[in-house]
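Chain by chain, the residues run as shown.
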Amino acid sequence: MNFDLTEDQSLLQSAVREFAENVVRPRAAVIDQSGEFPKDLFHQAGQLGLAGVSVPVEHGGSGMDVVAYSIVIEEISRVCANLGVILSVNNSLVCDPIEKFGNADQKTRFLEPLAKGEKLGCFALTEPNAGSDAANQQTRAVSEGGHWKISGQKVFITCGSDADVCVLFAMTSPEKKSRGISAFLVDAASPGFDRSRHQVKLGVNASGTVEIFLTDVLVPAENMLGNEGDGFKIAMSTLDGGRIGIAAQAVGIATEAMEAAVRYAKARRAFGKAIAEFQVIRFYLADMATDVDAARLLTRRAAAVKDMTKKNGGRYGLEAAEAKLFAAEMAQRVTTKALQIHGGYGYTKEYPVERNFRDARITEIYEGTSEIHRLIIAREIFRDAGLAIG
Ligand code: CAA
């Protein structure tokens, strides 16, 4: 087993770190406070090949592997969780399903500009009554003269404020339940496609989270992604990949908080010495470092397994769920301890650790809550044991 990055992955990591430190860091705290969607940073990231990291070069991407993709999301999220999730959505929830399920025409029209970062995508699955219970879709699509007419409401749509293209899920045959859901590629400029103002949140406040209202939106029949009725499977398999991105985001946020805690512990003096000399602080930091490392290993393993399934087939949902569950919960522990090490200063806006603490919280909720991940992992355990339940 080799834990070293390849030469390409190392070079990519250095280039992304430089971009993150020089271009993104000066904006991170500012957009956290203003909530301004950093579309210019997304386009710049696109020019560096970060909008479609593992999309094949012939479709506008960088043609790298999924491990490389996880490194990109970790490095960007370390500095700015907002840009981290924006890139994660565009790469894994938008480009990925078009690459996997799209036809040649859809790849030319949609995937190429998305993978180059010329256009931005969003993924519209969640509804007011279809969060964890994602199959309970109320948005309806009705076939009408070469088009699908779509009406309904979506909520908590990351990047929704600025997206040009929306991977959208709607019921085409309600009586078939999850087998009656279909996926569509929707031009966000279509008449009847309306968005709310930004939903103001605890963290990742500049990620363009909006509600989307669809009123008789006409989508050409050729914009259906995959076959009619395949939408739920497309959504679920897409989220398997998306969860690797969120695990990497959690690792990035936690790494930043831990490094800040180390710096603070060396500089802050109490009782006549640096607090880094107290055993309690050293033990906190030892646990934090172990936690971050374990989460990074689980995340890169999930990415490596996804890479293997691209060549050999098979599934990686279990590895992705374990990585997302562990990394998200790890990020709560690590950012909480990092804030504690900073004492009262950690609770102020003078130090960025409070932003890491707030940003980490969402990783336990979006792209499947920790509770849903335990459900998925338990199902896999029983499937492997030959006991199919639920
Ligand atoms: N890959 C392919 N197919 C899958 C699959 C997967 N990973 N998981 C399930 N399916 C298939 C099943 O095989 C089944 O197929 P058949 O009909 O042929 O038997 C079908 O889908 C239905 O599966 P389930 O019976 O497991 O469905 P369920 O209703 O019990 O739901 C669930 C399962 C795991 C709870 C699912 O609803 C879920 O993952 N919920 C969480 C939703 C979520 O993560 N939302 C995130 C929104 S996006 C977001 O958050 C983005 C952002 O902001 C950044």
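For the structure itself, consult the block above.
The following refers to the structure shown. (Residues numbered from 1 in each chain as written. Predicted model: local features only at pLDDT ≥ 70, side-chain atom pairs only at ≥ 80, totals over all residues. Heavy atoms only, no water.)

Looking only at helices and strands, one finds 11 helices and 10 strands in the protein chain. Taken over the C-alpha atoms alone, the protein chain extends approximately 80 × 50 × 40 Å along its principal axes. Looking at the protein chain residue by residue over its 390 residues, the buried ones come to 55%. Summarising the internal contacts of the protein chain: among those between residues at least 6 apart in sequence, 73% fall at separations of at least 24. Summing over all exposed atoms, the protein chain offers an accessible surface of approximately 17100 Å²; the carbon and sulfur share of this is 54%. (Helix = DSSP H or I, 4+ residues; strand = E, 2+ residues; numbered from the N terminus. Buried < 20%, exposed > 50% of the residue type's maximum accessible area, 1.4 Å probe, protein only. Contact = heavy atoms within 4.5 Å. Areas by Shrake-Rupley, 256 points an atom, 1.4 Å probe, with all protein chains shown as cover.)

It is worth spelling out the pattern of salt bridges at this point. A complete count under the given rule lists 27 salt bridges for this structure. One salt-bridge network, held together by shared partners, links Arg17, Glu21, Arg25, Glu75, Arg78, Glu256 and Glu259. (Salt bridge = Lys/Arg side-chain N within 4 Å of Asp/Glu carboxyl O.)

Here we take up the site of the ligand. Looking at the ligand, there are 25 residues lining it, with Thr158, Arg179, Lys233, Glu367 and Arg379 nearest. Between the ligand and the protein, one listed contact pairs a nitrogen atom with a side-chain N or O atom of Asp240 at 2.9 Å. Between an oxygen atom of the ligand and a main-chain N or O atom of Glu367, the distance comes to 2.8 Å. Isolated, the ligand exposes 1100 Å² of accessible area, and the fraction of that covered by the protein chains is 73%. Mapped onto the shell around the ligand, the elements with two or more residues apiece are helix H4 (81–101), helix H6 (231–267) and helix H11 (370–384). Among the elements that line the shell around the ligand, the one with the most residues is H6, at seven residues. Broken down by class, the residue content of the shell around the ligand amounts to 12 nonpolar, seven polar and six charged. (Near = heavy atom within 4 Å. Polar contact = N/O pair within 3.5 Å; in protein donor to acceptor, adjacent residues only side chain to side chain. Nonpolar A, V, L, I, M, F, W, Y, C, P; charged D, E, K, R; others polar.)

With 21 residues, H4 extends 29 Å from end C-alpha to end C-alpha; this agrees with the ideal 30 Å at 1.5 Å per step. The largest bend along H4 reaches roughly 35° and is located at Cys95, with the proline Pro97 sitting one to four residues downstream. The buried count for H4 comes to 18 of 21 residues, which makes it a mostly enclosed element. (Expected span 1.5 Å × (residues − 1). Bend = angle between axes of the 7 residues up to and from the residue.)

Glancing now at the layout of surface pockets. Considered as a void within the structure, the second largest pocket measures approximately 480 Å³ in volume. In terms of lining residues, the second largest pocket is bounded by 19 residues, among which Asn2, Phe3, Arg300, Arg301 and Ala304 are the most central. In terms of residue count, helix H7 (residues 279–312) provides more of the lining of the second largest pocket than any other element does, 10 residues in total. For the lining of the second largest pocket, the domains that each give at least three residues are domain 1 (7–119) and domain 3 (234–384). (1 Å grid on protein atoms, 1.4 Å probe; cavity = no way out; pocket = protein on both sides within 12 Å on 5 of 7 lines; lining within 4 Å. Points joined across faces, edges and corners; volume = space filled by probe spheres on them. Domains from an automatic or database assignment.)

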